[in-house]
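Structural description and commentary
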Amino acid sequence: MDYHFVSVEELSQGKTYSGAATLISAHKLELNWKQFSTAQVWIENGPENEKNNIQFGCLAYPAIFEDNYSPLFGYWTVFLGSVLGQTSTYGKSTYELPARVYRDSETGNWWLMFNVIIGYWPGELFTHLGNDASVV
């Protein structure tokens with residue numbers, strides 16, 4: 001199977017992050033059963049063999065969802081499953097969804113928002129995201 005991907009990663013030594021935000025434009029792509037497409041953000045910290053991460057975004061995967069829509073997801077223990085009502089069309093209209101994750105400095109919890117607060121990952125889940133993230 002061929003894989004094609006694009007990734008942007010901030011690799012500043014000593015820099016830490018307490019969240020990330022993006023605008024996600026989901027498209028109703030024509031994918032076959034062997035293909036998937038995702039627009040997502042990863043936040044991570046820790047040594048390679050103990051890495052903690054939080055992921056969120058949209059995922060189109062016909063083999064799992066049996067269609068080409070892009071449901072919202074948050075990864076650790078949460079699958080949101082909501083499908084965006086409007087999708088973007090290349091060269092025409094674009095619909096964007098603001099997405100954000102941030103760490104509450106008082107509780108240590110990581111909160112997920114798609115226009116509204118969706119939920120959070122308790123800080124106790126993580127051994128290396130307790131204070132901050134080193135990669136976004």
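Anything mentioned here points back to the structure above.
Residues numbered from 1 in each chain as written. Predicted model: local features only at pLDDT ≥ 70, side-chain atom pairs only at ≥ 80, totals over all residues. Heavy atoms only, no water.

1. Structural notes on the overall build of the protein
In terms of regular secondary structure, the protein is built from 1 helix and 7 strands. In the protein, the succession of α and β elements from N to C terminus is β-β-β-α-β-β-β-β. Out of the 136 residues belonging to the protein, those deemed buried represent 34%. A sequence separation of at least 24 residues applies to 54% of the contacts in the protein between residues at least 6 apart. As displayed, the protein offers around 8800 Å² of accessible surface, 50% of which is attributable to carbon and sulfur atoms. (Helix = DSSP H or I, 4+ residues; strand = E, 2+ residues; numbered from the N terminus. Buried < 20%, exposed > 50% of the residue type's maximum accessible area, 1.4 Å probe, protein only. Contact = heavy atoms within 4.5 Å. Areas by Shrake-Rupley, 256 points an atom, 1.4 Å probe, with all protein chains shown as cover.)

2. What to know about the sheet that holds strand β3 (residues 52-60)
Across the sheet, 3 strands lie side by side as β2-β3-β4; this open sheet has antiparallel pairing. Of all strands in the sheet, those bounded by a partner on one side alone are β2 (37-45) and β4 (72-75). Direction aside, the axes of adjacent strands within the sheet are offset by 10° on average. Here β2 pairs with β3 via 9 bridges, running antiparallel. Paired with Asn-45 across the strands is Asn-52, a residue of β3. (Pairing = 2+ DSSP bridges. Axes fitted to C-alpha atoms, helices over the stretch in contact; angles between N-to-C directions.)

3. Side note on the nonpolar core
Counting 20 residues, the largest nonpolar core has Ile-43, Trp-110 and Phe-114 as the members making the most contacts within it. Sorting the residues of this core by element identifies β1 (19-25), β2, β3, β5 (96-103) and β6 (110-114) as the ones contributing at least two each. Once you skip the residues sitting within four places of it in the chain, Ile-43 turns out to touch Gly-19, Ala-20, Asn-52, Asn-53, Ile-54, Val-101, Trp-110, Leu-129, Ala-133, Val-135 and Val-136. (Core = buried A, V, L, I, M, F, W, Y, C linked by side-chain atoms within 4.5 Å.)

4. Some points on the pairing of β5
Each regular strand carries side chains that alternate between the two faces of the sheet. Only one face of β5 is buried: it carries Leu-97, Ala-99, Val-101 and Arg-103, and the other face, with Glu-96, Pro-98, Arg-100 and Tyr-102, is open. The pairing of β1 with β5 spans 7 bridges and is antiparallel. Counterpart to Ile-24 in the pairing with β5 is Leu-97. Two elements, β5 and β6, share 5 bridges in a ladder whose sense is antiparallel. Following the sheet pairing, Val-101 is matched in β6 by Leu-112. Once β5 ends, the chain turns through 6 residues before running back antiparallel as β6, passing Gly-108 with a positive phi of about 80°.

5. Description of the pattern of salt bridges
Using the criterion set out here, one finds 1 salt bridge in the structure. Its salt-bridge partner being Lys-51, residue Glu-44 comes within 4.0 Å of it at the nearest N-O pair. (Salt bridge = Lys/Arg side-chain N within 4 Å of Asp/Glu carboxyl O.)

6. Concerning the side chain of Asn-45
If you trace the backbone, Asn-45 turns up in strand β2. You can call Asn-45 buried: its relative accessible area is 16%. Within polar-contact distance, the side chain of Asn-45 engages the backbone oxygen of His-128 at 2.9 Å. At 3.0 Å, the side chain of Asn-45 forms a polar contact with the backbone oxygen of Asp-132. (Polar contact = N/O pair within 3.5 Å; in protein donor to acceptor, adjacent residues only side chain to side chain.)

Read these as layout, nothing more, since geometry by itself doesn't imply function.
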